[in-house]
Amino acid sequence: NAGVTQTPKFRILKIGQSMTLQCTQDMNHNYMYWYRQDPGMGLKLIYYSVGAGITDKGEVPNGYNVSRSTTEDFPLRLELAAPSQTSVYFCASSYPGENTEAFFGQGTRLTVV
Amino acid sequence: ILNVEQSPQSLHVQEGDSTNFTCSFPSSNFYALHWYRWETAKSPEALFVMTLNGDEKKKGRISATLNTKEGYSYLYIKGSQPEDSATYLCAFRGGSNYKLTFGKGTLLTVNP
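Residues numbered from 1 in each chain as written. Chains lettered and ligands numbered in written order. Predicted model: local features only at pLDDT ≥ 70, side-chain atom pairs only at ≥ 80, totals over all residues. Heavy atoms only, no water.

Got a minute to help me understand the sheet that holds strand E3 (residues 19-24) of chain B in this structure?
Strand pairs in the sheet, formed through backbone hydrogen bonds, run parallel or antiparallel to each other. All names here are of chain B. What the 5 strands build is an open sheet, ordered E1-E3-E8-E7-E6; its pairing is antiparallel. Both outer strands of the open sheet, strand E1 (5-7) and strand E6 (56-59), are each paired with one neighbouring strand and no more. Adjacent strand axes in the sheet meet at a mean angle of 15 degrees when their direction is disregarded. Two elements, E6 and strand E7 (residues 62-67), share 4 bridges in a ladder whose sense is antiparallel. Along E7, the bridge assignment pairs Lys57 with Ala64. (Pairing = 2+ DSSP bridges. Helix = DSSP H or I, 4+ residues; strand = E, 2+ residues; numbered from the N terminus. Axes fitted to C-alpha atoms, helices over the stretch in contact; angles between N-to-C directions.)

Teacher, can you tell me more about the interface of chain A and chain B here?
One frequently used descriptor of interface size is the decrease in accessible area upon assembly of the parts. Taken together, the contact between chain A and chain B spans 24 residues of the former and 22 residues of the latter. Together, the buried faces of chain A and chain B total about 2,000 Å²; carbon and sulfur atoms form 60% of this surface. Considering only the side of chain A, the residues that lose the most area to chain B are Leu43, Glu98 and Phe104 of chain A, jointly responsible for 25% of the buried surface there. The interface formed by chain A and chain B includes 0 salt bridges. Our enumeration of links across chain A and chain B arrives at 5 residue pairs in polar contact (both at pLDDT 80 or more). (Contact = heavy atoms within 4.5 Å. Buried area = accessible area lost by both parts, 1.4 Å probe. Salt bridge = Lys/Arg side-chain N within 4 Å of Asp/Glu carboxyl O. Polar contact = N/O pair within 3.5 Å; in protein donor to acceptor, adjacent residues only side chain to side chain.)

Sorry if this is basic, but what is going on with the side chain of Asp38 of chain A here?
All names here are of chain A. Turning to its location among the elements, Asp38 is positioned in strand E4 (residues 31-38). Reaching out from Asp38, the side chain makes a polar contact with the side chain of Arg36 at a distance of 3.0 Å. Those residues in contact with Asp38 that lie beyond four places of it in its chain are Thr86 and Ser87.

What am I meant to see in the packing of aromatic side chains here?
The relative placement of two aromatic rings is captured by the distance of their centres and the angle of their planes. Tallied over the full model, the rule gives 16 aromatic pairs over all chains. Both rings, one in Tyr35 of chain A and one in Phe102 of chain B, keep their centres 5.2 Å apart while their planes meet at 90 degrees; by these two values the pair is edge-to-face. You can see Tyr35 of chain A sitting in strand E4 and its partner Phe102 of chain B sitting in strand E10 (residues 101-102), one on each of two chains. For the pair formed by Tyr35 of chain A and Phe102 of chain B, the shared burial category is buried. Arranged with centres 5.3 Å apart and planes meeting at 85 degrees, the rings of Phe90 of chain A and Trp38 of chain B form a pair that is edge-to-face. Of the two residues, Phe90 of chain A is situated in strand E9 (residues 87-94) and Trp38 of chain B in strand E4 (residues 30-38); the pairing between them involves two chains. The buried category is assigned to Phe90 of chain A, whose relative accessible area is 3%. Given the relative accessible area of 10%, Trp38 of chain B is considered buried. (Phe/Tyr/Trp six-rings, centres within 6.5 Å; stacked < 30°, edge-to-face > 60°. Buried < 20%, exposed > 50% of the residue type's maximum accessible area, 1.4 Å probe, protein only.)

Purely geometric stuff here, so don't read any function into it on its own.
This is the structure we're talking about:
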């Protein structure tokens, strides 16, 4: 049972480069989320999606884009990488409903130099 | 922006001590309150999802309570063990949206 899978695990980018962080889940969850984790700051929501074709901004969306063409996949795109985007990124998913927990991927550590 | 606060920020206890930490959240438009355990170099894992005022949940030596009217939840660990060392996160979900907003966490270190 794979759960939530993120790739890559690590990446170093140069300023101005672009990349896509991949996230896929095999639990048929409607809701998917992207968070970034900075030291001492907890998890900040970047974007979220409540189903295929629907996405919405979280607290810190600037510099990122997402798409949700299928239930399984929720890629996060960085178009022009900046040092401020150095962080650990977590993808998560859950079912709808009040009693449902979120399941997290293993994280992607991104460094922009 | 929703305000989800956790205290203390960090905590050091001795093996065998019991401990507790607090999560405070908006008392209006409540939908659910989550607790997660996050070990270093791993991803967060859910402990509890709580939805009703007065809820109490328990898993082994860990338990949690919920007060939605005043906007707080407590997490208790009885007889702490070194393997309990982790960051404990709470997350709030409001009724009108699907966002899960996290606090900054409480870092617990249990010394043998």
